[in-house]
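Listed here are the chains, written in short residue letters.
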Amino acid sequence: MSALVTGAARGIGAAVVAALTADGHEVTATDIEKPTGELALALDVRDEAMVGWAVAEAERLAGPIDVLVNVAGVLRAGPVAEFSEADWLAVFDVNAAGVFRVSREVGRRMAARGRGCIVTVASNAAGVPRVGMAAYAASKAAAVQFTRCLGLELAPAGVRCNVVSPGSTDTAMLRALWNGSDGTGTTVAGDPGQYRGGIPLGRIADPADIAAAVAFLASDRARHITLQNLYVDGGAAL
Ligand SMILES: NC(=O)c1ccc[n+]([C@@H]2O[C@H](COP(=O)([O-])OP(=O)(O)OC[C@H]3O[C@@H](n4cnc5c(N)ncnc54)[C@H](O)[C@@H]3O)[C@@H](O)[C@H]2O)c1
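This write-up is about the structure you can find in this document. (Residues numbered from 1 in each chain as written. Predicted model: local features only at pLDDT ≥ 70, side-chain atom pairs only at ≥ 80, totals over all residues. Heavy atoms only, no water.)

Points about unusual backbone geometry
Here is step 1: With a phi close to 55°, N179 is a non-glycine residue in the positive phi region.
Here is step 2: Assignment of secondary structure puts N179 in the loop between helix 6 (172–177) and helix 7 (184–189).
Here is step 3: Positive phi, close to 55°, is recorded for Y195, a residue that is not glycine.
Here is step 4: When its relative accessible area of 72% is taken as the criterion, Y195 is described as exposed. (Helix = DSSP H or I, 4+ residues; strand = E, 2+ residues; numbered from the N terminus. Buried < 20%, exposed > 50% of the residue type's maximum accessible area, 1.4 Å probe, protein only.)

Here it is in structure tokens:
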């Protein structure tokens, strides 16, 4: 089985590559700059032509893609009143349009073959409003509903499309949000001043926690699951 993962150079994407590889997939790891590893390609999900090239190249190298995992994402935070249009468009270009571009290209091929599965990594912020995260949360909500609509279109061809929505996960993205300080305490306990609940299970997720859910949805054990959004956030979306 061949898999393609975007945003695979680090964090959750790298953990997804490891989990799918452990499950026996031949995984093409892609990121804006070519990741290290044997089967790796540069793929900027903002570039439609590059998406077409990279998907064709991945299939030439590793065979027809059976599993696509959309992980590439960016976070720009700030209150709406001070948020620029350029930042809004930049966030949507990766988090929403990027998922569209790659899923359209791979989805067409999967539909023609009558098999395949797509998993989009969104965020629990898509379902729970968060102060200072309007653009990010809206872009992730777009990715969620896009993926579910695509799943409905591709269901007759036997292609499944699901979403994994992580909560706070220990990666470079979360640490950048903490601005260099250790925000573990506040993140786990919650912050009433920000209307933010904590994490009932009492810990920040490890990237492997998210990857395990992705690997399950990508496996035959999930063969009757499609159009679903699985929150992997220790209960934070309560
Ligand atoms: N870390 C968290 O707390 C958290 C929570 C919820 C959702 N997520 C989501 O999980 C996914 C992975 O995040 P992470 O925490 O591992 O972050 P990360 O910043 O460590 O990794 C994101 C990866 O996406 C890549 N990327 C960015 N723009 C790209 C582009 N245009 N084309 C291709 N690749 C691009 C980056 O180079 C990077 O390798 C993201 O979609 C993120 O929004 C993360």
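So, the site of the ligand
Here is step 1: What surrounds the ligand is a group of 29 residues, the closest being R10, D31, Y136, K140 and T171.
Here is step 2: In the model, an oxygen atom of the ligand is placed 2.8 Å from a nitrogen or oxygen of the V71 main chain.
Here is step 3: One of the backbone nitrogen or oxygen atoms of T169 is found 2.8 Å away from an oxygen atom of the ligand.
Here is step 4: Expressed as a share of its isolated accessible area of 820 Å², the protein-covered part of the ligand is 93%.
Here is step 5: In terms of residue count, helix 6 provides more of the shell around the ligand than any other element does, three residues in total.
Here is step 6: Across the shell around the ligand, the residue classes break down as 16 nonpolar, eight polar and five charged. (Near = heavy atom within 4 Å. Polar contact = N/O pair within 3.5 Å; in protein donor to acceptor, adjacent residues only side chain to side chain. Areas by Shrake-Rupley, 256 points an atom, 1.4 Å probe, with all protein chains shown as cover. Nonpolar A, V, L, I, M, F, W, Y, C, P; charged D, E, K, R; others polar.)

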